[in-house]
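Each chain, letter by letter, is given below.
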Number of protein chains: 2
Amino acid sequence: MFTAIKRLLIGRPLKSTELGEQKLNKTKALAILSSDALSSVAYGPEQILIVLMAAGAIAFWYSIPIAIGVLVLLTALILSYRQIIHAYPHGGGAYVVSKENLGIWPGLIAGGSLLVDYILTVAVSVSAGTDAITSAFPSLHDYTVPIAIVFVIFITILNLRGVTESASVLAYPVYLFVLALFIMIGVGLYDIASGHVPPELHASIGTPVAGISLFLLLKAFASGSSALTGVEAISNAIPNFKAPAPNNAAKTLAAMGLLLALLFSGIVFLAWYYGITPHPQVTVVSEIAEQTFGRNAMYFFVQGTTALILILAANTGYSAFPLLAVSLAKDKFIPRMFTVRGDRLGYSNGILMLALSSILLIIVFNGQTEHLIPLYAVGVFIPFTLSQTGMMLKWIRQKPEGWRLKLTINGIGALICLVVTLMFFLTKFWQVWPVLVFLPLIIMLFRNIRKHYDAVGDQLRLSTCEPPITVEGNVIILPVAGITHVVENSLRYAKSLKPEQIIAVYVPFEREDEAAFEEKWKQWQPDVRLVTLHSPYRSIIQPLTKFVDTVQRKAGEMNVQVTVIIPQFIPKKGWHNILHNQSSLLIRAHLLYRRDVIVTTVPYHLKK
Amino acid sequence: MFTAIKRLLIGRPLKSTELGEQKLNKTKALAILSSDALSSVAYGPEQILIVLMAAGAIAFWYSIPIAIGVLVLLTALILSYRQIIHAYPHGGGAYVVSKENLGIWPGLIAGGSLLVDYILTVAVSVSAGTDAITSAFPSLHDYTVPIAIVFVIFITILNLRGVTESASVLAYPVYLFVLALFIMIGVGLYDIASGHVPPELHASIGTPVAGISLFLLLKAFASGSSALTGVEAISNAIPNFKAPAPNNAAKTLAAMGLLLALLFSGIVFLAWYYGITPHPQVTVVSEIAEQTFGRNAMYFFVQGTTALILILAANTGYSAFPLLAVSLAKDKFIPRMFTVRGDRLGYSNGILMLALSSILLIIVFNGQTEHLIPLYAVGVFIPFTLSQTGMMLKWIRQKPEGWRLKLTINGIGALICLVVTLMFFLTKFWQVWPVLVFLPLIIMLFRNIRKHYDAVGDQLRLSTCEPPITVEGNVIILPVAGITHVVENSLRYAKSLKPEQIIAVYVPFEREDEAAFEEKWKQWQPDVRLVTLHSPYRSIIQPLTKFVDTVQRKAGEMNVQVTVIIPQFIPKKGWHNILHNQSSLLIRAHLLYRRDVIVTTVPYHLKK
């Protein structure tokens, strides 16, 4: 039944050779990989205005130069990542670039912070989208957490179905959102150009503002640059592109950069020109849309697609997290299971891990994940800085044709990212300090996992010179609970192995029971030796283990192997198991994990 | 480490022969078994007044005749249960009495409703005690659920330590509570007798009341009789008494009945004489105490011991539930594990089950379990009625000396209990209807469990006439994941068993891998046959199971036994397990539960 449900939800399993068909073309890739970056224009401009509000509405004109700064940063990032894509065609991303050029520790810092960041992406964007919905339907407000969880599960199922299938579903909302915003910006600009909007709504650029400080402007800039989170997604996901993957990825990245720049500057400009002030209840985009269209169908179209893309922004995390996890797992820093492809060829363990972690975050923060945004932004800019620095070192070391230009591009990128990162720590320390605690912990965990895998590899490798110890014979210990078909069955099997000796062991709790059982056994199996171990403390495992130890010590001296045969009867229905004391499982686990004993389970299947 | 914590919390394990020392003397038994019954005087009188309030404060004098009715019922119950104790010296209780005299179905109705009732006892009384505490310290109000859970865990640990030890701790609060109430009643009566209390505070007995109805009076009576819940605890727990158990139990029961009667009538009388009206925030006992002492130390002594005994009332559930569970488990209606004695000779599985269920109830109802009280009361009176009826039939059938008197006593008891039960359904249907749903479900479950155990017994029993099938030889299948020490080890063991054939099986996911591995194997183990099973869908279990099926079919024709040997490497630390794909566990479970294959696990312990 489990299998049937699984088939229904995620589809039939795919052969490994069907992998090529799961690749993305540019249109789908743009939709699937840029929903995070594009959706951030819904809150990025607002973040700038909120900071500027501290100096009064007259300071809003500063949003124009700040937006230009963000656009410069965006350009630098896009150009830098184009270089990364061509330099690392098998999927670069901050982890690989930092590890190869700066060494293992910077690589782990980048990888660790991105890994956590993708979880934050999912939690934050799904919560934001859910908020948009519950704002529209206040009666749903008590169900924020369950609604958000349902969305996470929905996106998880889409991703378990496979990359291309989820792309088809996700492409429409993303393009509809872009269309809606373009119409809004276009109509707004036309109104302004045709003089329908009075120019006295805003303070003109250059108006002197009392009480403005460099600190405030830098804080506004840092806040605004949170609109750039998600830009790195494409460079992580090159293996998902159709061939020629690097070229297609670079073109997609350029297209995304262009869209992002147009939408971002359009919204900042309209917000300034309309003189819009941020409100806690109403978003800036909503105010612009209302100013432009009034409360008509177009307004709701803009709002609806915005809510949708906020939820779908989570999908970027789903594209990037599993691929980053594969890179880390191949380098043995996280459990190997993340490299296994699921039935539909996606890295399903990564997808499920991401889903569980983000659901946990949503539950712990009770759906109020907004104050995680700065944490999330700083978690993006640390790896940005590291990967740009890594690229600089790469150019300096390899000195390919035109390396000075490349170095300059990545140098500017690295510098701006470093400044933004520092800005976050300076201006929002109390919101981003957890990074300084969790990042070292995560990296320590990575190191320990790697150490363990290395140690295991060393121990398993065959060193051909070692002479194999020969086994001279076998002794079988058979714990019995009564005289039943189950025991008869196991005994028959034990005899068929023709061991040196078979010892049946019975553990009575009462003295009277002991003699009675010995008598019965002598009549039933006179030729099999029975040992009874009276257990005054009513434990089966303790006396049995002690006995096995004794036998094993003697046997070890003669190169004789000890095997414990455990009779286990298996009920017809799964729930019947709770009706039986699972002694055999306990005995098995104890002998196998604590002692070095071979354990054979002889099943006896019940027929009714 | 787990063992060390366990020792610290519950003490060293006890030998089965130390059982006698764990028995209760009368003083301790009274404390441990009557806290539920005695604590109910803290809310029973109040329940009567709340119902009477519907007809106005003038109707409060009816509480006196109603209390007399409750006292008659109490006397009937005590007398009836004394007879049960002597008739069933090995622990009677409603389940055994109903089953033996009325048949299996009435027995299951009584047993099922008591089993659920003890869970309700724990949840309701701990919640009530916690409420008393949070009323005193309102700042704790947000932590009601965690506080209640901590209390449940505390009582659970006491009970896991063993019967007598928990009795020693619990005896003080119970006797202090009794002492406090006796002082309060004594001082109150003295004040009244010495004329310090004006007699015009209350309407005198017999004052005509407009709007009083028989329905209302019956409802008040039913509510008041909720003070009698817990009376049956002693008759269930006879095996816990020191010898001569039945005599000691009967005396303890009589003492409890006397205490209960004195406290109950004292409180009802004072409440009437003082003209006390029930308030939502202040309990009736609190009002009486304030009236009697003022807000001095004695007042807080009464309040404190009341809160304490409400929490300890849960302990009655802990004494009775495990014993009832043993009776049901011995009759195979619930899982056998409830008959196993723990390290300290208590029935620890029953204790833990009760703790978990009541914690679950507290969480689900968010600590507001008060509206479960009627459900809980009706769940007590159904088994009361059944056991009294059972006793009636017993006397009619056996006709011992003086049976007419015995029949009369149990007859009156049965009648009153039946009337109270019907009253609950008539006057509080919307609070007690769940009984009609859950009771049949529980009884169905009991029947199914019994059916399963019977079927298992039939199948395991040795029918000596059946000729045993001989095993002619062995084939060993050895799944391998690579060429490592783990495989080398398992192969050595397989060879030592000298089977007819050893087949190593390798499941590659890629075609290229297949040929390479076959080549390597041929060089390493040229004399062991290797079968490779290419798995395009990346599943190991599916192709392996199919292969095992094929081998088994062929082997079955020749009476040859198939054994699958699974190499398993066991990491040094438990958490390392999550770093390795647990394929060997999955393969083992699949082969053992779905197919009839013998599975041998050869452990390979890692040293670092």
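Summarised in this report is the structure supplied together with it. Predicted model only: the values in this text are computed from it and were never measured.

Parameters at a glance
Residues numbered from 1 in each chain as written. Chains lettered and ligands numbered in written order. Predicted model: local features only at pLDDT ≥ 70, side-chain atom pairs only at ≥ 80, totals over all residues. Heavy atoms only, no water. Contact = heavy atoms within 4.5 Å. Buried area = accessible area lost by both parts, 1.4 Å probe. Polar contact = N/O pair within 3.5 Å; in protein donor to acceptor, adjacent residues only side chain to side chain. Nonpolar A, V, L, I, M, F, W, Y, C, P; charged D, E, K, R; others polar. Pairing = 2+ DSSP bridges. Helix = DSSP H or I, 4+ residues; strand = E, 2+ residues; numbered from the N terminus. Axes fitted to C-alpha atoms, helices over the stretch in contact; angles between N-to-C directions. Least-squares fit on C-alpha atoms with pLDDT ≥ 70 in both. Phe/Tyr/Trp six-rings, centres within 6.5 Å; stacked < 30°, edge-to-face > 60°. Buried < 20%, exposed > 50% of the residue type's maximum accessible area, 1.4 Å probe, protein only. Lys NZ or Arg CZ within 6 Å of the ring centre and 35° of its normal. Parallel < 35°, antiparallel > 145°, perpendicular 65-115°, else oblique. Left-handed = near helix turned anticlockwise from the far one by under 90°. Patch = residues over 30% accessible without salt bridge, like charges linked within 9 Å, V, L, I, M, F, W, Y side chains within 5 Å. Areas by Shrake-Rupley, 256 points an atom, 1.4 Å probe, with all protein chains shown as cover. Salt bridge = Lys/Arg side-chain N within 4 Å of Asp/Glu carboxyl O.

On to the interface of chain B and chain A, then. Taken together, the contacts link 74 residues of chain B with 74 residues of chain A. For the chain B and chain A pair, buried surface summed over both sides reaches about 6600 Å², with 59% attributable to carbon and sulfur atoms. Connecting chain B to chain A are nine residue pairs in polar contact (both at pLDDT 80 or more). Considering only residue class, the side of chain B that touches chain A consists of 38 nonpolar, 20 polar and 16 charged. Where strand β5 (residues 598-605) of chain A and strand β5 (residues 598-605) of chain B come together, three bridges link them in antiparallel fashion. The partner of Thr601 of chain A across the bridge, within β5 of chain B, is Val599 of chain B.

With respect to topology, 10 strands assemble into an open sheet ordered β3(A)-β2(A)-β1(A)-β4(A)-β5(A)-β5(B)-β4(B)-β1(B)-β2(B)-β3(B), the strand pairing being mixed. Each edge of the sheet is formed by a strand with only one pairing partner; in this case those strands are β3 (529-532) of chain A together with β3 (529-532) of chain B. Each strand of the sheet is rotated relative to its neighbour by a mean of 25°, with strand direction disregarded. Here five bridges tie strand β1 (residues 473-479) of chain A to strand β4 (residues 560-570) of chain A, and the two strands are oriented parallel to one another.

Turning our attention to the relation of the copies chain B and chain A. When chain B is fitted to chain A, the best match, at an RMSD of 0.1 Å, comes from turning it 180° and sliding it 0.1 Å along the axis. Taken together, the turn and the small shift mark the pair as related by a two-fold rotation axis. Closest approach to the rotation axis among the C-alpha atoms of chain B is made by Thr600 of chain B, whose C-alpha sits 1.9 Å away. Interface overlap between copies is the fraction of interface residues in one copy that are interface residues in the other; for chain B against chain A it reaches 100%, indicating a shared surface.

In this section: the packing of aromatic side chains. By the definition in use, this model includes 24 aromatic pairs over all chains. Between Phe381 of chain B and Phe384 of chain B, the aromatic rings sit 5.1 Å apart at their centres with planes inclined by 80°, giving edge-to-face as the arrangement. Note that Phe381 of chain B and Phe384 of chain B are positioned in helix α16 (residues 373-398) at a spacing of three residues, about one turn of the helix. Accessibility assignment for this pair places Phe381 of chain B and Phe384 of chain B in one class, buried. One aromatic cluster is present, formed by Tyr81, Phe381, Phe384 and Phe424 of chain A through successive ring pairs. Sitting over the face of the ring of Trp403 of chain A, Lys399 of chain A holds its NZ or CZ atom 5.3 Å from the ring centroid. The side chain of Lys406 of chain A reaches across the aromatic face of Trp395 of chain A, ending 5.1 Å from its centre.

Take the packing of helix α6 (residues 104-136) of chain B against helix α19 (residues 434-460) of chain B next. Residue and element names in this part refer to chain B. Here α6 crosses α19 at 115°, and the two axes come no closer than 9 Å. Compared by their axis directions, α6 and α19 come out roughly perpendicular. Like other packed secondary-structure pairs, α6 and α19 cross with a definite hand, here right-handed. On α19, the residues that touch Ile104, Trp105, Leu108, Ile109, Gly112, Ser113, Leu115 and Val116 of α6 are Leu439, Ile442, Ile443, Phe446 and Arg447. Here the residues of the contact of α6 with α19 are counted per class, giving 10 nonpolar, two polar and one charged.

Attention now goes to a nonpolar patch on the surface. Residues and elements named next belong to chain A. Taken together, Phe429, Trp430, Trp433, Leu436, Val437, Phe438, Leu441 and Met444 make up a surface patch of nonpolar side chains, about 880 Å² in accessible area. When residues of the nonpolar patch are traced back to their parent elements, those giving at least two are α18 (429-432) and α19 (434-460). If you trace the backbone, Leu436 turns up in helix α19.

With that out of the way, let us pick up the environment of Leu372 of chain B. Residues and elements named next belong to chain B. Looking at where Leu372 falls in the secondary structure, it is placed in the loop between α15 (348-364) and α16. Separated by 251 residues in the primary sequence, Leu372 and Thr121 have C-alpha atoms spaced 9.5 Å apart. Not counting chain neighbours up to four residues away, the residues in contact with Leu372 comprise Leu120, Val124 and Phe365.

Where charged atoms of side chains with opposite charge meet at close range, the side chains can pair. Counting across every chain of the model gives eight salt bridges over all chains. Residue Glu290 of chain B pairs with Arg295 of chain B through a salt bridge whose shortest N-O separation is 3.5 Å.

Before going further, it helps to examine unusual backbone geometry. Residue and element names in this part refer to chain A. A cis amide bond, omega -10°, links Ala243 with the succeeding residue Pro244. Counting through the fold element by element, Pro244 comes out in the loop between α10 (233-236) and α11 (245-273). In this structure, Lys498 is a non-glycine residue whose phi angle is positive, near 45°. Within the element layout of this structure, Lys498 appears in the loop between α20 (485-496) and β2 (501-506). Classification of Lys498 by relative accessible area gives exposed; the value is 63%.

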